[in-house]
Amino acid sequence: MKKWLVGLSLVIAGVVLTACGSGQSSEDDSWKKVEEKKELVVATSGTLFPSSYYNDENKLIGYDVDVAKAVAKKLDLKIKFKEYNVDGQVTAVKRGEADFAANDFGLSGERAKKFSLSSPIKYSFDSMIVRKSDDSGIHSLKDLKDKKAAGEPNTSYMKIAEKYGAKAVTYDNATNDQYLTDVANGRTDVILNDYYLQKMSVAALPDIPVKILEDVYFNANSTGFLFDKENQTLKTKIDDALANLKKDGTLKKIAEQYFGTNVSVKPKQEVSEKVSAD
């Protein structure tokens, strides 16, 4: 009886060890799939200046777009872009319709449980756009109460605005001129977003009487490409390519082309206030 029990124990142990061994050696095939099709499929918006937008020749360009193109070139892959709003990009990545999303993505809250980011391609902080004439009556985040905040639904910026009592006015993949014009004419009061994106947008549309609210900067942050959390082999390959692009100066060159400064390294400006969207 004892011999039989010992034998059974050894068989069970063998099964357990085999299962553990197969689990340890298993690896997600996200990079293998990309390698086999020789193409990266990237979700983006095509409307977020200067990260992803169309130029005068109707060509899709932008900081995130060009960095993604440089990554594909470094990995000897073709690249294909699919355009969605923010929620659509996230869904496309989760469903496997896109390998990653490139649209100035950061991570917070629930999204961080299901997705991961590449190594940072941009360091920045947040700011607010208001009317030039009266600053939209805003002098701090606390003044957002009862103001009309413009943005796409479910973004961290809109969650912060609503947290401070603002009323959300949502858009579906709208262009920058629509956002800025609505602030100027009073349809909305404020836009919360990334400082460098806001700076470039205001500079690109100087005839619209809006401005970045001076000295109200918050949430030092970094952004990167958005991946499904399970696709770690693909993320590792992309991170390796980004490290090489940073080392050879390609990231710096692309950053200065779009932002006039090297956003691929941490800014010297101190941003002490941290505001959670949750």
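> Help me understand the nonpolar core in this model?
Counting residues in each nonpolar core, the largest one holds 53 residues, and the members touching the most others are Leu40, Tyr63, Val67, Val71, Phe100, Phe225 and Ile238. Not counting residues up to four positions away in its chain, the partners in contact with leucine 40 are Val34, Val71, Ala72, Leu77, Lys78, Ile79, Lys80, Asp99, Phe100, Leu234 and Ile238. Of all hydrophobic cores here, the second largest spans 17 residues; its members include Val130, Ile138, Ala149 and Ala161.

> When you look at the layout of surface pockets in this model, what are you seeing that I'm missing?
A probe matching the size of a water molecule, rolled over the atoms, marks out where space remains unfilled. Volume-wise, the second largest pocket comes out at about 230 Å³. In terms of lining residues, the second largest pocket is bounded by 16 residues, among which Ser30, Lys33, Gly96, Asp99 and Asn231 are the most central. Elements supplying a minimum of two residues to the lining of the second largest pocket: helix H2 (30-37) and helix H4 (86-95). The greatest single-element share of the lining of the second largest pocket, amounting to four residues, is contributed by H2.

> What is the right way to read the packing of aromatic side chains from this model?
Centre-to-centre distance and the angle between the planes together describe a pair of aromatic rings. Overall, the coordinates contain eleven aromatic pairs when judged by the stated rule. Taking the centre distance of 5.2 Å and the plane angle of 80 degrees together, the rings of tyrosine 63 and phenylalanine 259 count as edge-to-face. Of this pair, tyrosine 63 sits in helix H3 (residues 63-74) while phenylalanine 259 sits in helix H10 (residues 250-259), and the two are 196 residues apart along the sequence. The pair formed by tyrosine 63 and phenylalanine 259 is uniform in burial state, with each residue classed as buried. Ring geometry for tyrosine 196 versus phenylalanine 259: centroids 6.0 Å apart, planes at 70 degrees, classification edge-to-face. Taken together, the residues span a long stretch of sequence, with tyrosine 196 in helix H8 (residues 195-204) and phenylalanine 259 in helix H10 at a distance of 63 residues. One aromatic cluster is present, built from ring pairs that chain together Tyr63, Phe125, Tyr195, Tyr196, Tyr217 and Phe259.

> How should I be thinking about unusual backbone geometry in this particular structure?
The bulk of non-glycine residues show a negative phi, and the bulk of peptide bonds are trans. With an omega dihedral of 0 degrees, the bond running from phenylalanine 49 to proline 50 counts as a cis peptide bond. Looking at where proline 50 falls in the secondary structure, it is placed in the loop between strand E2 (47-48) and strand E3 (52-54). Positive phi values are uncommon outside glycine, yet lysine 38 reaches one of about 55 degrees. Note on placement: lysine 38 falls in the loop between H2 and strand E1 (39-44). Note on lysine 38: relative accessible area 53%, which makes it exposed. In this structure, asparagine 58 is a non-glycine residue whose phi angle is positive, near 60 degrees. Inspection of the secondary structure assignment puts asparagine 58 in the loop between E3 and strand E4 (60-61).

> What is the right way to read the pairing of strand E10 (residues 167-170) from this model?
Regular strands have side chains that alternate between both faces of the sheet. Alignment of strand E9 (residues 148-151) against E10, held across four bridges, turns out to be parallel. Counted as the bridge partner of alanine 149 is alanine 168 from E10. The parallel pair E9 and E10 is bridged by helix H6 (residues 156-163), and the resulting crossover is right-handed.

> Looking at this model, I keep getting lost on the confidence of the model for the protein. Mind explaining?
Do not read the fine detail of predicted coordinates wherever pLDDT is low. Confidence in the prediction of the protein, expressed as mean pLDDT, is 89, and 90% of residues score 70 or more. The low-confidence segment residues 1-25, where pLDDT is below 50, has zero contacts with residues more than four positions distant or belonging to other chains.

> Would you take a moment to explain the sheet that holds E2 for this structure?
The three strands lie next to each other as E2-E3-E4, forming an open sheet whose pairing is antiparallel. For this open sheet the edge positions go to E2 and E4, each flanked by a neighbour on one side alone. Here E2 pairs with E3 via two bridges, running antiparallel. Across the sheet, residue leucine 48 finds its bridge partner in E3, namely serine 52.

> Sorry if this is basic, but what is going on with the pattern of salt bridges here?
A side chain of one charge can pair with a side chain of the opposite charge when the charged atoms of the two come close. Taken as a whole and judged by the stated rule, the model has 14 salt bridges. A salt bridge links aspartate 228 to lysine 94; the shortest N-O distance between them is 3.2 Å. Of this pair, aspartate 228 sits in strand E13 (residues 218-228) while lysine 94 sits in helix H4, and the two are 134 residues apart along the sequence. The salt bridge partner of lysine 211 is aspartate 135, with a shortest N-O separation of 2.8 Å. Taken together, the residues span a long stretch of sequence, with lysine 211 in strand E12 (residues 210-212) and aspartate 135 in the loop between strand E8 (122-131) and E9 at a distance of 76 residues. Here the salt bridges do not stand alone but share partners, grouping Asp104, Lys122 and Asp194 into one network.

> Would you mind going over H6 with me for this structure?
For an α-helix the count is 3.6 residues per turn, leaving residues at separations of three or four pointing the same way. Tyr157, Met158, Ile160 and Ala161 are the residues of H6 that are buried. With its buried residues spanning 160 degrees around the axis, H6 presents them on a single face. Buried residues belonging to H6 abut strand E6 (100-105), E8, E9, E10, strand E11 (190-194) and E13. Of the residues one or two after H6, glycine 165 is the one with positive phi, at around 95 degrees.

The rules behind these values
Residues numbered from 1 in each chain as written. Predicted model: local features only at pLDDT ≥ 70, side-chain atom pairs only at ≥ 80, totals over all residues. Heavy atoms only, no water. Core = buried A, V, L, I, M, F, W, Y, C linked by side-chain atoms within 4.5 Å. Buried < 20%, exposed > 50% of the residue type's maximum accessible area, 1.4 Å probe, protein only. Contact = heavy atoms within 4.5 Å. 1 Å grid on protein atoms, 1.4 Å probe; cavity = no way out; pocket = protein on both sides within 12 Å on 5 of 7 lines; lining within 4 Å. Points joined across faces, edges and corners; volume = space filled by probe spheres on them. Helix = DSSP H or I, 4+ residues; strand = E, 2+ residues; numbered from the N terminus. Phe/Tyr/Trp six-rings, centres within 6.5 Å; stacked < 30°, edge-to-face > 60°. Pairing = 2+ DSSP bridges. Right-handed = clockwise from strand over helix to strand, strands pointing away. pLDDT = per-residue confidence, 0-100. Salt bridge = Lys/Arg side-chain N within 4 Å of Asp/Glu carboxyl O. Arc of directions from axis to C-beta.

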